[in-house]
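# Observations on chain architecture
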Amino acid sequence: MIALLIRDLRLAVRAGGGFGLGLAFFLIVVVLVPFAVGPQTQLLAAISPGVLWIGALLACLLSLDRIFALDWEDGSLDLLATAPLPMEGVVSVKALAHWLTTGLPLVLVAPLLGVLLNLPVQGYGWLVVSLAIGTPALSVIGTFGAALTVGLKRGGLLMSLLVLPLYVPTLIFGAEVARRGADGLAVKTALLMEAGISFGVIALLPFASAAVLRINIR
Amino acid sequence: MIALLIRDLRLAVRAGGGFGLGLAFFLIVVVLVPFAVGPQTQLLAAISPGVLWIGALLACLLSLDRIFALDWEDGSLDLLATAPLPMEGVVSVKALAHWLTTGLPLVLVAPLLGVLLNLPVQGYGWLVVSLAIGTPALSVIGTFGAALTVGLKRGGLLMSLLVLPLYVPTLIFGAEVARRGADGLAVKTALLMEAGISFGVIALLPFASAAVLRINIR
Amino acid sequence: MMPELGKYAGTVLSAYGASIVLLVVLVAASWRRARKVKAALAKVENPDG
Amino acid sequence: MLTVTDLCVARGGLAILEGVSFELAAGRALVLRGPNGAGKTTLLRTVAGLQPAEAGEISGGGEAIAYAGHSDGLKAMLSVRENLAFWASVFDAGGVDDALKAFDLVTLQDRMAGTLSAGQKRRLGLARLMVTGRPIWVLDEPTVSLDAASVALFADAVRGHLAQGGSALMATHIDLGIPEAEVFDVGPFKAKPRAAAMDEAFL
Amino acid sequence: MLTVTDLCVARGGLAILEGVSFELAAGRALVLRGPNGAGKTTLLRTVAGLQPAEAGEISGGGEAIAYAGHSDGLKAMLSVRENLAFWASVFDAGGVDDALKAFDLVTLQDRMAGTLSAGQKRRLGLARLMVTGRPIWVLDEPTVSLDAASVALFADAVRGHLAQGGSALMATHIDLGIPEAEVFDVGPFKAKPRAAAMDEAFL
Amino acid sequence: MSIWEYANPVKFIRTTDKVLPWIAGLAAVALVIGLGWGFFFTPDDYRQGSTVKIIYIHVPSAFLAINAWLMMLVASLIWIVRRHHVSALAARAAAPVGAVMTLIALITGAIWGQPMWGTWWEWDPRLTSFLILFLFYLGYMALWEAIENDDTAADLTSILCLVGSVFALLSRYAVNFWNQGLHQGSSVMRAGAATGDTTERVSNVFAVPLFISIAGFALLFIALVFLRTQTEIRARRMRALLARERQA
Ligand code: HEM
Ligand SMILES: Nc1ncnc2c1ncn2[C@@H]1O[C@H](COP(=O)(O)OP(=O)(O)OP(=O)(O)O)[C@@H](O)[C@H]1O
Ligand SMILES: Nc1ncnc2c1ncn2[C@@H]1O[C@H](COP(=O)(O)OP(=O)(O)OP(=O)(O)O)[C@@H](O)[C@H]1O
Ligand SMILES: [Mg+2]
Ligand SMILES: [Mg+2]
């Protein structure tokens, strides 16, 4: 199991910078928004928590299809399925590796990008907290979507379609925490909801992902 | 050449709905924005042209890596390279097929999504015009990025990183047209600039893409 | 010795600090890699000496 | 010991082979033969548990099986040794060095797997079997792309495995260099035209 | 006629073969042999113009060559016939029906290429050669995964091609069923240890 | 003797080995004098207070950020036209230096903006186009990293550099059109030329140390590029030797 984690991390680092690129995408989405909506500081400040959340979500989303696709194409997935690892363990490790290479860097760099979008000062803390709680859920949900679409050609876009609605609850509460934090309002309820969803998802969804993956392989 | 176009279109339709999914992604990005930035009508109306443009751009971007990746993996690209087609023609046809399956549907559906984001009435016409002029450039630039990264594992994200800064001028002028249109301001200069960039890109960039592709295949 | 920076002391010092740190990191990284590669190459060129 | 009784396998919603029965004892090798499209791959995948059987029984398989299919499951960006070591630790078995030696990969061990030639990749894919520590090898066209010397290496590896009480089930079109293996022709077991079980309710 | 003179080919920044010279006249077939990793694939790709030669001359190739490598370039979501028809129109040649017949694919013609077995895919990949209308076939292990009957079909197709004045250059480890072909062993042409041209400036 | 002789890797290393210590030393001296003078011995500006001192870092780094890209463009063209390996490697070597310069300009600008404009970041055209330039640097470096074959990487990155330059220019105009900014126009270049007293110009008190520190940054850039190019050449040579050894 640890061997799998190490392998995935190593592949992410070797194969052209798995870390760096998720980040770069996040950066670029955030940078493009002002070009699209215009340079007014006021407006940007108002939408900045939302934009940062959407950016993080899309950056996560983009790297999802690689979770299983590469292992599927070269036949490793068949071999893993016959290996003495529980499938639940495999999907959890895959989700963890995805979070470590994508979600965690996003959490760390989000405050920097907050500067670009004139995020109000009191918002930084809650932004980071909400992302730190929310991104693991994004990775786990994404793993489920990836397991659903593995082996389908053009799976990437189909997966986006399946995964994005599943992201909605996490996004709503996560962005709400960040937004209220930035406006200086109370965040407790939203934060509890977000944390509840995250824990529930992390605890239960891997079983569904494992089931789906077993079906897809046969 | 036409055979290639027909094949690509057919593959897009067969392989799990090339049309449908680009659209679906656009739809979902646009739908997620209100969740992220909050439901204030005023705010949404102000950012709606920009959000629609960003949504279209990301929907384009997501399907780019498929332009050459599939042909590369199954060996078709090698065979195409030895076929009696000029490489410039191949990349242009690929870009055209991408636009027909992704850009064009986006242009047609954008007004519908404008409704969701409270786009002001006078904005619809210019939104469509700006997208119609801009999206072909997005496809052509994207083809260049795809040609640069074909054959690299994890090329998808690297490609985003390379392509997004190249999208900046098109995005700025395109969104400017849509924004000014929505605000009822004069759009002439921005429109001319956008059209100029599009034509320049379409006329010249395929040569660079072809050169890059030839280098990548050898 | 320290010049009077007034109310902007933090600003100026952090600008200088950040830039100098970045420059030092860049120079150090370049230099270290130069030395490492030079040594590795020397080893490859004559393995015994 | 692997026992297959009255097995029916399907692919793409169609029964392909039916009534297949054979036994594979420890220390024995069985070679599947049959023309292209006969259903060898489908049969092997079913035996390996990668797809469900339509009907019939497979006993003694499951966790005892190490499967190697048409593709090798190599990571282009990991070195030859890293690829093997990964599978060794997944299967909680050792023997990476022995496997490298058995398939003449020692000199290539630090090369990225993506830069190997077709035959070298195949050798690496086969070497993986030796680090699984599993008794039953299920192999689909193992010697594709191998030169004569490598086929001999493969035959030696199989013989060694059999000598240790393992067994091997292999599909192939060409000679594997293992004359002592029994041959099982799948041709006679072609299924009568009928739908797969999942469609039966609709007929 | 294809003439290769004193060719040096490289892969991964290393010269692999050097001093390779041969001629391939119309109506003749040449079979490349050599152990795994000898450089056959590299040589064929160079001859086909897919990678630049390090040194030496290739004349008569270029637009006259139809190449078929380790992978078949099939689209899983197109039917067998559509796959062939596409290549026929890219090469501006006809003969789809003949090609289907020659490789016994007529009954499979409406099947999606993705659902074929390994050998059936290979047959389709080879059938593609017949719709290119090109005189020189350059084939890398063409009979991998083929059963005996399909190898015979392939041999017939090559003979027919040669009879029409075409020629074929093929790498293989197994018997192709074309005894009249000359054999060219690449073993003796292994390059002396030296760097590829692009690195020479650094040595 | 033609300048192209230095395109031979060995010759390049030999020559630069000789001049490198001098350039590095000069760079250090110029930096210490320029920054030291600027930091300790210049008066505050009547409007900007002590924050003017940031100019001694901000302007040189901004200047080099642009010129490093220009140098890469020229080197890429040389590679495309004449295929001299050293020029491709020099472009590769310059990219991280240029990226750091861009980052320094951005960071010092952001820090400066806080007291002057009341915000860390403003979507002013100058700043925005620097941000885009930074993205180009990142993409360029990532592409180099991602490709294994050295010649392929050189070819592809030099084409990216060409195309990117055109788009960087386009972006500059686009951004200008999009937002007329707060950032002041260029006045440094005119400052030394004539002695005047308009507030438009940076007065000489500031100009002299500024020019010294620009020179320091430029020398530092040259020294770093020489050093890093040497490293790239050696790494390439090592790879070639190892490959040959493995083959034997
Ligand atoms: C992230 C932010 C910034 C970036 C990327 C940036 C970039 C630049 C660039 C490219 C130059 C041009 C140097 C030249 O013309 O030779 C420059 C000069 C300058 N910048 Fe900034 N700048 C930023 C923020 C600021 C801020 C906030 C201030 C102060 C209020 C400032 C003040 C100056 C001054 C005084 C000059 C010298 C202008 C001249 O006289 O030539 N900059 N900056
Ligand atoms: N999705 C599908 N729909 C219909 N038929 C299918 C599908 N997939 C495979 N088949 C058919 O099932 C049969 C068995 O295929 P299988 O891959 O098991 O053959 P095989 O014996 O391994 O052949 P080969 O020697 O060529 O590898 C083939 O005739 C194939 O065409
Ligand atoms: N990127 C690379 N770096 C170093 N060596 C490489 C690289 N790619 C291939 N090689 C080596 O080049 C040699 C020639 O490979 P090639 O694929 O041409 O062999 P081949 O004769 O076709 O072998 P096979 O019969 O196994 O297909 C092999 O030894 C291979 O390991
Ligand atoms: Mg098979
Ligand atoms: Mg080969």
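Residues numbered from 1 in each chain as written. Chains lettered and ligands numbered in written order. Predicted model: local features only at pLDDT ≥ 70, side-chain atom pairs only at ≥ 80, totals over all residues. Heavy atoms only, no water.

This part covers the overall build of chain A. Counting secondary structure elements, chain A contains 9 helices and 0 strands. Each helix and strand of chain A, placed in order from N terminus to C terminus, yields the pattern α-α-α-α-α-α-α-α-α. With the C-alpha coordinates of chain A rotated into their principal frame, the extents come out at 55 × 35 × 30 Å. Here chain A holds 218 residues, and 62% of them are scored as buried. Taking the contacts inside chain A whose residues are at least 6 apart along the sequence as the reference set, 81% of them involve residues at least 24 apart. With an accessible surface of roughly 7,100 Å², chain A has 73% of that area assigned to carbon and sulfur atoms. (Helix = DSSP H or I, 4+ residues; strand = E, 2+ residues; numbered from the N terminus. Buried < 20%, exposed > 50% of the residue type's maximum accessible area, 1.4 Å probe, protein only. Contact = heavy atoms within 4.5 Å. Areas by Shrake-Rupley, 256 points an atom, 1.4 Å probe, with all protein chains shown as cover.)

The next thing to look at is the overall build of chain F. What chain F contains, in helices and strands, is 7 helices and 0 strands. Counting from the amino terminus, chain F carries its helices and strands in the arrangement α-α-α-α-α-α-α. Of all 248 residues assigned to chain F, the portion counted as buried reaches 58%. Contacts in chain F between residues far apart in sequence, at least 24 positions, make up 76% of those at least 6 positions apart. Of the roughly 10,300 Å² of accessible surface on chain F, a fraction of 66% belongs to carbon and sulfur atoms.

Here the focus is helix H1 (residues 40-47) of chain E. Residue and element names in this part refer to chain E. Most of H1 sits inside the fold, with 7 of its 8 residues counted as buried. Residues of H1 that are buried include every one of Lys 40, Thr 42, Leu 43, Leu 44, Arg 45, Thr 46 and Val 47, and no others. With its phi angle positive at about 85 degrees, Gly 49 sits one or two positions after the end of H1.

Before going further, it helps to spend a moment on the coordination of the magnesium ion (ligand 4). For the magnesium ion (ligand 4), the protein coordination sphere consists of Thr 41 of chain D (OG1) and His 70 of chain D (NE2), at 1.9 to 2.7 Å. One end of the pair, Thr 41 of chain D, is in helix H1 (residues 40-47); the other, His 70 of chain D, is in the loop between strand S5 (65-68) and helix H2 (80-90), with 29 residues separating them in the sequence. (Donors = N, O, S within 2.8 Å, 3.2 Å for Na, K, Ca; no water.)

Here we come to the site of ligand 3. Lining the immediate environment of ligand 3, one finds 19 residues, of which Ser 117 and Gly 119 of chain D together with Lys 40, Thr 41 and Thr 42 of chain E sit closest. More than a single chain frames ligand 3: its nearby residues are located in chains D and E. Gln 120 of chain D is positioned such that a nitrogen or oxygen atom in its side chain is 2.8 Å from an oxygen atom of ligand 3. Note that an oxygen atom of ligand 3 is positioned 3.0 Å from one of the side-chain N or O atoms of Arg 11 of chain E. Against a free-state accessible area of 650 Å², the protein chains account for coverage of 92% of ligand 3. Among the elements of the structure, helix H4 (118-130) of chain D together with H1 of chain E are those that each provide at least two residues to the shell around ligand 3. When its residues are assigned to classes, the shell around ligand 3 shows 3 nonpolar, 12 polar and 4 charged. (Near = heavy atom within 4 Å. Polar contact = N/O pair within 3.5 Å; in protein donor to acceptor, adjacent residues only side chain to side chain. Nonpolar A, V, L, I, M, F, W, Y, C, P; charged D, E, K, R; others polar.)

Looking now at empty space enclosed by the protein. What the rule picks out here adds up to 6 cavities of 30 Å³ or more. By volume, the second largest cavity is sized at about 170 Å³. Around the second largest cavity, the lining comprises 18 residues; the ones closest to its centre are Val 33 and Val 51 of chain A together with Val 33, Val 51 and Ile 54 of chain B. Elements that contribute at least two residues to the lining of the second largest cavity include exactly helix H2 (18-37) and helix H3 (41-64) of chain A together with helix H2 (18-37) and helix H3 (41-64) of chain B. Examining the composition of the lining of the second largest cavity, we find that 6 residues originate from one element, H3 of chain A, more than from any other. Along the lines of polarity and charge, the residues of the lining of the second largest cavity split into 15 nonpolar, 3 polar and no charged. (1 Å grid on protein atoms, 1.4 Å probe; cavity = no way out; pocket = protein on both sides within 12 Å on 5 of 7 lines; lining within 4 Å. Points joined across faces, edges and corners; volume = space filled by probe spheres on them.)

Right, let's talk about the sheet that holds strand S3 (residues 29-33) of chain D for a bit. All names here are of chain D. Pairing is parallel across the open sheet formed by 5 strands, whose spatial order is S5-S6-S7-S3-S8. Single-partner strands in this sheet number two, and they are S5 and strand S8 (182-185). For this sheet, the mean inter-axis angle between neighbouring strands, taken without regard to orientation, is 15 degrees. Relative to S8, S3 runs parallel, the two sharing 4 bridges. Note on S8: the bridge partner recorded for Leu 32 is Phe 184. The sheet strands contacting H1 are S3, S5, strand S6 (136-140) and strand S7 (167-171), and the helix crosses S6 at an angle near 150 degrees. (Pairing = 2+ DSSP bridges. Axes fitted to C-alpha atoms, helices over the stretch in contact; angles between N-to-C directions.)

A few words on the interface of chain A and chain B. Across the contact, 43 residues belong to chain A and 44 residues belong to chain B. Carbon and sulfur atoms supply 78% of the area that chain A and chain B bury against each other, a total of about 3,900 Å² over both sides. For the pair chain A and chain B, the interface holds 0 salt bridges. Here chain A is connected to chain B by 2 residue pairs in polar contact (both at pLDDT 80 or more). For the side of chain A that touches chain B, the elements supplying multiple residues, two or more each, are H2, H3, helix H4 (66-73) and helix H8 (155-183) of chain A. (Buried area = accessible area lost by both parts, 1.4 Å probe. Salt bridge = Lys/Arg side-chain N within 4 Å of Asp/Glu carboxyl O.)

All names here are of chain F. Residue placement: Gln 230 occurs in helix H7 (residues 204-247). Taking the relative accessible area as the measure of exposure, Gln 230 reaches 3% and is therefore buried. Among the polar contacts listed, one links the side chain of Gln 230 to the side chain of Asp 17, at a separation of 3.2 Å.

The next point concerns the UniProt feature "transmembrane region" (unreviewed entry) in chain F. Residue and element names in this part refer to chain F. When the UniProt feature table is mapped onto this chain numbering, "transmembrane region" (unreviewed entry) sits at residues 20-42, 54-81, 93-113, 125-144, 156-175 and 206-227. In residues 125-144, the share of helix is 100% and the share of strand is 0%. The end C-alpha atoms are 29 Å apart. For the annotated span residues 156-175, helix accounts for 100% and strand for 0% of the residues, and the straight-line distance between the end C-alpha atoms is 27 Å. (UniProt positions renumbered as here; feature names shortened; annotations may be inferred.)

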